[in-house]
Structures are given as C-alpha cells and as structure tokens.
Amino acid sequence: MSITKSAIAYASTTLAASMMNSIFQFYYVKLFLNSYRINNTWFYRAQLIYLVWNAINDPLFGYLQDSSKVAFARRRRSAILYGAPIFSLSFLIPWIPWTAFGDSDWVVGMHLITSLCFYDGMFTYVLLAQCALFAEIATKETDRQTVLKYSQIASIIGSSAVLFTELVSQNLKYFRYFQVCCIVVATISYFAMTYTARYAINISDTESSNSVLIDNGEDDNPLSDITLYSLFKQIITNRQFALFVLMNFLQIFHNTIGSNFFSIFADNLVGSSLLPQARSIMAGSAFVLPQMVVLLFSPLLARFGSYRCIMVSFFVKFALALAMFLNGSSNMIFLIIFMVLDRSLPEAVFSLFNLTVSDIIDDDRNKYKRRAPISSMIFGTNALFTKPAQSLAPMFVVSVLTDYGYQHGNQATISTKPELSRAMFNMICLVPIVASVLQVLIWSFYTLRGQRSTKSRDLYGVSV
C-alpha cells in the first residue's frame, strides 16, 4: 500500500479524535460549572483523581501495546479496532445529565469523575496506538511529513465540529440540539476509526506474513521479556526525552487553559461586543485555525525542520502576549484577534510534537539496538509526566477566578466585579509570557533536531 493510502487511513482516526476531543475539551468545564453547577470541592476532587488516572494509564497502556504477547493488544490497528466503539460511547457520557440519581453535589461530582476517567482511558488506548502508527507507518522524514499533512487536513475538518455545535446549540442554549450533534459525531467517529484499523498498514504489518486483524492468538515479541521498570528507566534517563517532557508540559498547560476556558473568557471579556453567532464563529475558528496554520507553513517546516519552527513559535507567542498585556483590554478588536491566535498558535505547534517524539523513538531504537521500536511506551511515558497539566490547568484557573469572586453560572458576576475581568485578562496574557520564556530556555538544550543518525536509518533498512 502506498504511503498516501496509509496516510489517509491514519488520518481517519485523527478526524474522529479531533471531532470528539475538540467538543469534549471546549464544553466539559463550562457545562459542569455553569449548567450542572458542580461545587469547587467536587471539581477539585474530580481533577485530582483525573490527574492520577490520566498520568498512569498512558505508560501502562503503552507497555501493554509494546510488550504484550497477545496479538490483538499489541497490534496497533487491532487496538484501534476494538477500542473504537467504547471510545465513541465514552464521549457521550458527559452530555447526559445524571438527574435520575438526584441533583446532589456528589452525583454531579461522580458524573464528572466518570466522564473524565472513562473518556481519557479510551482516548489514551486508541490514540497511543495511533501515535505509535505515526512512528511506524513510515521511516522517511518526507513520508512522515506526508502523513502529518493528511492528519492536519483531517484535524481541520474534525475541529470544525465545535463551530457546528456552537451554531446549532447557540452556546448550549438549545442543549437538546447539542446532544443530537454529539450522537452524530460519535457515530461518524466510530466508522472513521474502523477505517484506520482496516487500512493503515505499518512496517510490522508489511514484514509479517500474517495480516489478519482479529486474532486472539499469541505472537512472539522481542520486548515481552523486558520488565516495565527496565524500559521505564531507559526512557526517563534519556536527556533529550527529559527536555522534551518539560517543554511539552508547559505547552499542554497553556493549551488546556485555552481550550477549556476559551468560551468562558470570551463570554466575559468580549461579552456583548459580538453577536452570539459571531462569538460562535470566533470559538470555532480558534479550533480550526491551528491545523490551517500547520498546512500553510508546511513549506517552512520542510525547509527548516520542526525544531526551529517550534523555537520560533515560542518567541512569537511571547511577543503577542506581551503586546496584548501592554496594550490593555480596552482594544476589543486586538483582544479578539489575540485570543484566537493564542489558542491557535500553541495548538498548531503542538501538532508538530509527533515529529519530535518520532526522532526520540528512532534514537532510542538505535541506542539500545532494539528489534522493534517501543513507540507506545515512549508516548505513554511522555504522557505520564505531561498529562497532569490537563488537570492542574483547570484547577489553577478555577482557584484564581474563585478568589476574585467568580460564581458558577452567574453571567452578571463580571459586570459587577471589574477586578475579576482584570484577573481573566491578566491570566490570558501572563500564562503564555511565562510559559514561552521557560520553553525557550529548555528547548535551547535539545540536540535531536530532526536529523536521525545514519545508524538509525540503517537500523530501519531505509535511506532518508
């Protein structure tokens, strides 16, 4: 199968994940805070439990997929095939109120805990397999950029789901319409992931004479005799991996604030300056633009490499945030443009991180002379240290806003508390400023700058 056909099949899961995850990340915080009225205690409890589960499930699933002797667990496409229906189902749980169990605080709290942990568990299981496919579906840098291009096109289409749900539900005003949209998205996502499972051919599939997906038998695995502790130690002692993890943690922290609180910040800072339809377009564009940025600047990526593009993005992020902070919140047009760009640019750069992790995977395989790459394990270990940012970020924001008098579900709060509005403005400016400075310092020490060694290329048996 050509790299183009495999890239399209790979991108099908990207389409599914981007549709579901953009909706999940954009709405779940606002829904539980403003509609379900969860109290702060249960919100923090849910986020702490989510933090622990979010961190440990990635390396555990990664080890399972890399070292299991059971074929359906180890093969990337099989993991996607079996995970697809459960992943789609987990996406629907937050949007169904648990009113049958009452409306007490613990019911809403358990609803949030279940929604976060179930969704993240399936998201991790399926996306780890897909991330591993990225490193294994092709070994040439040009082929990987082809896969990335098709993946970004799929992300553009998938991320537009937020724009669609915003326009249909009018910012959750018509919640029943929103629920119907989510059911449609879950159904489309299931079929898209199934397509990946059947047609995304990776290296191990090509080399293996047995191409049957549904297989409950056992396969030989050269990693099955290596302990989880040994693999974990080898990965975390890699200096390049450690630098990437630190930089990635800051990026995820920033991205999470942008995705989870964009709607709340836009409602309160922009407010009546825009019509509801215009705010919906503003929100939708903030999720579509990141993928468009990657596609538009793909020639620069091919010319300068992912390392330089990532580094330049940190300087741009710093400059934009500093300019916004110095200009103040009175310039509404500049504020709207800044909010969209600050949501779009970091997310666009985050899309390039798979290229960096692929280089780390290649370097690891060369260093330890592995017969097969431990792709899922490396992606999972990265998530162990970076995924906690997805819980720490909303806890940080809610804590700060509460200190300034934010009341869940009360839109009149901002107009009566200008200091709260100022706190929101300071947050959207100072978080990217601090994050970008730290990221520049960390990233300057990273040395795997997109050029894999000759030994690594020979190990794969191809030339780049």
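Each chain has its residues counted from 1, running along the sequence as written. Totals for whole chains, interfaces and linings use every residue, but because this is a predicted model, local features are given only for residues with pLDDT of at least 70 and side-chain atom pairs only at 80 or more, for both listing and counting. Side-chain calculation: all heavy atoms of the structure are included, whereas hydrogens and water are not.

Take empty space enclosed by the protein next. Note on definitions: the grid is 1 Å and covers protein atoms alone; a cavity is a set of points where a 1.4 Å probe fits but cannot get out; a pocket is an open set with protein on both sides within 12 Å along at least five of seven lines; lining residues have an atom within 4 Å of a point. Grid points are joined across faces, edges and corners, and a volume is the space filled by probe spheres set on the points. The tally for this structure, following the rule as stated, stands at 4 cavities of 30 Å³ or more. One number sums up the size of the largest cavity: a volume of about 1100 Å³. Forming the boundary of the largest cavity are 45 residues, of which Asn21, Phe123, Leu127, Glu347 and Phe350 lie nearest the centre. Ranked by residue count, the leading element in the lining of the largest cavity is helix H5 (residues 105-136), at 9 residues. When its residues are assigned to classes, the lining of the largest cavity shows 19 nonpolar, 21 polar and 5 charged. Estimates place the volume of the second largest cavity at around 140 Å³. Forming the walls of the second largest cavity are 13 residues, and the residues nearest its centre are Ile257, Gly258, Phe265, Asp342 and Ile428. Per the convention used, a helix needs a DSSP run of H or I reaching at least four residues, while a strand needs a run of E reaching at least two, with both numbered from the N terminus. Here the term charged refers only to Asp, Glu, Lys and Arg, the term nonpolar to Ala, Val, Leu, Ile, Met, Phe, Trp, Tyr, Cys and Pro, and the term polar to all other amino acids, Gly among them.

So, on to the pattern of salt bridges. What makes a salt bridge here is a side-chain nitrogen of Lys or Arg within 4 Å of a carboxyl oxygen of Asp or Glu, nothing more. Scanning all chains against the criterion turns up 3 salt bridges. The partner of Lys30 in a salt bridge is Asp267, and the shortest N-O contact between them spans 2.8 Å. Residue Lys30 is found in helix H1 (residues 3-35), and its partner Asp267 is found in helix H10 (residues 239-270); the two are separated by 237 residues along the sequence. Buried residues are those whose accessible area, probed at 1.4 Å on protein chains only, stays under 20% of the maximum for their type, while exposed residues exceed 50% and partly exposed ones sit between those limits. For Lys30, a relative accessible area of 8% puts it in the buried group. A salt bridge links Asp120 to Lys387, with the shortest nitrogen-to-oxygen separation between them at 3.8 Å. Taken together, the positions of Asp120 in helix H5 and Lys387 in the loop between helix H15 (375-386) and helix H16 (389-403) put the pair 267 residues apart, joining distant regions of the chain. Like Asp120, the residue Lys387 is buried in the burial classification.

A pair of Phe, Tyr and Trp rings is counted when the ring centres sit within 6.5 Å of each other, with Trp represented by its six-membered ring. The angle between the planes then sorts it: under 30 degrees is stacked, over 60 is edge-to-face, the rest tilted. One pass over the structure, following the stated rule, counts 27 aromatic pairs. Their ring planes at 85 degrees and their centres at 5.3 Å tell us that Trp95 and Phe178 sit as a pair that is edge-to-face. In this pair, Trp95 is assigned in the loop between helix H4 (76-92) and H5 and Phe178 in helix H7 (residues 175-199), connecting sequence segments 83 residues apart. With a relative accessible area of 1%, Trp95 lands in the buried category. With a relative accessible area of 0%, Phe178 lands in the buried category. Each member of the aromatic cluster is reached from another via a ring pair, and the members are Phe24, Phe26, Tyr27, Tyr28, Phe87, Phe91, Trp95, Tyr119, Phe123, Phe175, Phe178 and Phe287. Cation placement over rings: the criterion is NZ of Lys or CZ of Arg within 6 Å of the ring centroid and within 35° of the ring normal. In this arrangement the basic side chain of Arg45 is found over the ring face of Trp42, its NZ or CZ atom lying 4.8 Å from the centre. We note Arg343 situated over the ring of Phe287; from NZ or CZ to the ring centre the distance is 4.1 Å.

Time to look at the nonpolar core. Considering soluble globular proteins, one finds that nonpolar side chains tend to be buried as a cluster. Only buried residues count toward a nonpolar core. Its members are Ala, Val, Leu, Ile, Met, Phe, Trp, Tyr and Cys residues joined through side-chain atoms within 4.5 Å. Of all hydrophobic cores here, the largest spans 129 residues; its most connected members are Ile23, Phe91, Trp95 and Phe265. Two residues qualify as a contact provided that any one of their heavy atoms is within 4.5 Å of a heavy atom in the partner residue. The residues contacting Phe91, other than those within four sequence positions of it, are Met20, Ile23, Phe24, Tyr119, Cys182, Val185 and Ala186.

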